[in-house]
Amino acid sequence: MAFYEPLRSFELHMPSRVLFGINYVEKIGVEAKRFGAAKVLVVTDKGVSKTGTPERVRALLANEGLSAEVWDNAETEPSISSVVGLRDHIMKGGFDLLIGLGGGSCMDMAKAAAVLSRNEGDPEDYFSGGKREFAKPGIPCITIPTTAGTGAEITWDAVVKDKTGIKAVYEHTYIMPTLAIVDPTMSASMPPRLTASSGIDALSHAIESSLTKFTNPITFALALQSIQLISSNLRKAVYQPNNLETRYNMALATLTEAFSEMNAGDIEAHGFGHLIGSVYRIPHGIACGIALPHAMEHNILVTSDRLAAIAEAMGVDTTGMTLKQAANSAVDAVAELIEDVGLPTTLQEVGVRREDLPKLAEQAVTIPWIKVMFSYAIRDMTKELALEFLEEIYGEENPLVS
Ligand SMILES: [Fe+2]
């Protein structure tokens, strides 16, 4: 079996430093001091603020003599105007160290604003597939995730909605945080729905990054490890939220898939997930989860061997199965997990109208960033295939409802 192209060459991006451990948030003061910063800005949102964690971080910084301000205006799925607002606040306030504390949106806002504060011109010009590349590194940025799923704590991308409201991405080595402090106790207070959707986002990264043109021996090994951890821990994390060992394993699974996803990319589930999520304001993990089983099915004809390995990582006994049967069993195992954690499985459940599908198919093959994602996939995407894909995940119409 060939899990990646023979004699594959590759480039690996690794974050500069990760500290992973129970109660490691306590290290923030000492670690921040090593940067020699004069003014620290903690970037977070109102929801995280309510938990008291930003204040705890500010106090830990103060214990080391560091002056810090908490800025809790981060938006869920941030827009370019809110990122520009943060950039202006950083520049006006003379901050020289950022801490992105929260879920993917808080961390992505901090990562993007840190680099934009050192690079002039229209911020939209720097989007992936855009006119310019960042010329200078940003101010140092530390991430502390309070959820387990996005991988934003280490990745080199930051998702931001452009002026039209469609998601775009900054993707550059300068976007990578300088330090990630991953403390599994931080995600212990995540509500079940968020645990489920962020866990499925992580699963989607792990599986998609196993199925791209850029999958290599290292990313594939990491992705399988992540898939194994998620499939054996996500149900418990949702239904036994106080089980710390499960939170530890989900935080570890997220970190592991993030290495894989950052280096091998995502494919159809994130391509369609980002599109649907942007247009209908559906939480990211839910939107990707709806597309994930069909994205796997869509790839069976070209990567059944990798999908068979995924089935085994998910605990399926594939003895006696053909490769194609084993690949199909991976699709079933993923669909079952998504259902078990209580997430929607079709577009109609989240309010997408059938008559919107042709327009969505058109957008899927014309929006630059989504095109970039499809270009990582082994199969080419066309408008016709995109429409078929969307019809497939739309779900069966209920004949009793007119
Ligand atoms: Fe994602």
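It should be noted that the structure appears before, not after, this text.
Quick caveat, the model's predicted, so the values are computed rather than measured.

Rules used in this analysis
Residues numbered from 1 in each chain as written. Predicted model: local features only at pLDDT ≥ 70, side-chain atom pairs only at ≥ 80, totals over all residues. Helix = DSSP H or I, 4+ residues; strand = E, 2+ residues; numbered from the N terminus. Buried ≥ 20, exposed ≤ 12 C-beta atoms within 10 Å, placed from the backbone. Contact = placed C-beta atoms within 7 Å. Pairing = 2+ DSSP bridges. Axes fitted to C-alpha atoms, helices over the stretch in contact; angles between N-to-C directions. Parallel < 35°, antiparallel > 145°, perpendicular 65-115°, else oblique. Left-handed = near helix turned anticlockwise from the far one by under 90°. Nonpolar A, V, L, I, M, F, W, Y, C, P; charged D, E, K, R; others polar. Expected span 1.5 Å × (residues − 1). Bend = angle between axes of the 7 residues up to and from the residue. Core = buried A, V, L, I, M, F, W, Y, C linked by C-beta atoms within 7 Å. Domains from an automatic or database assignment.

## Here's the deal with the overall build of the protein chain
Of regular secondary structure, the protein chain possesses 15 helices and 8 strands. Projected onto its principal axes, the C-alpha positions of the protein chain cover 60 × 50 × 45 Å. Burial status across the protein chain gives 52% buried among its 402 residues. At a minimum sequence separation of 6, the contacts of the protein chain that also span at least 24 residues come to 76%.

## Some remarks on the sheet that holds strand S2 (residues 39–43)
Pairing is parallel across the open sheet formed by 6 strands, whose spatial order is S1-S8-S5-S4-S2-S3. Only two strands of the sheet have a single neighbouring strand rather than two, namely strand S1 (18–20) and strand S3 (67–71). The average undirected angle you get between the axes of adjacent strands in this sheet is 15°. Here S1 runs beside strand S8 (residues 179–182); their pairing, made up of 3 bridges, is parallel. Bridging across to S8, Leu 19 finds its partner in Ile 181.

## Some thoughts on the packing of helix H6 (residues 192–209) against helix H8 (residues 244–264)
Viewed as axis vectors pointing N to C, H6 and H8 meet at an angle of 40°, and their least axial separation amounts to 8 Å. Relative to H8, the element H6 lies oblique. H8 is crossed by H6, and the crossing has left-handed handedness. Contacts between H6 and H8 involve Gly 199, Ala 202, His 205, Ala 206 and Ser 209 on the former and, on the latter, Met 250, Ala 253, Thr 254, Glu 257, Ala 258, Ser 260, Glu 261 and Ala 264. Among the residues forming the contact of H6 with H8, the class breakdown is 6 nonpolar, 5 polar and 2 charged.

## Focus: helix H10 (residues 284–298)
Along its 15 residues, H10 runs 21 Å from first to last C-alpha, staying within 8% of the 21 Å computed at 1.5 Å per residue. Approximately 35° is the largest bend angle found in H10, and it occurs at Leu 292, with the proline Pro 293 only one to four residues beyond. With respect to burial, H10 is a largely interior element, 13 of its 15 residues being buried.

## Comments concerning the pairing of strand S6 (residues 157–161)
Remark: a regular strand shows side chains that alternate across the two faces of the sheet. Counting buried positions along S6 yields 4 of 5 residues, so the element is predominantly enclosed. Sheet topology note: the S6/strand S7 (residues 167–171) ladder contains 5 bridges and is antiparallel. Within S7, the residue paired with Val 160 across the bridge is Ala 168.

## Notes on the nonpolar core
Across soluble globular proteins, nonpolar side chains have a tendency to be buried as a group. Val 40, Val 43, Leu 98, Ala 112, Ile 227 and Ala 330 are the most contacted members of the largest nonpolar core, which totals 128 residues. Among the elements that line this core, the one with the most residues is helix H7 (residues 217–239), at 10 residues. Residues from two domains meet in this core; each of domain 1 (24–182) and domain 2 (192–394) gives at least three. Beyond its immediate stretch of four places on either side in the chain, Ala 330 contacts Met 296, Leu 307, Ala 308, Ile 310, Ala 311, Met 314 and Val 316.

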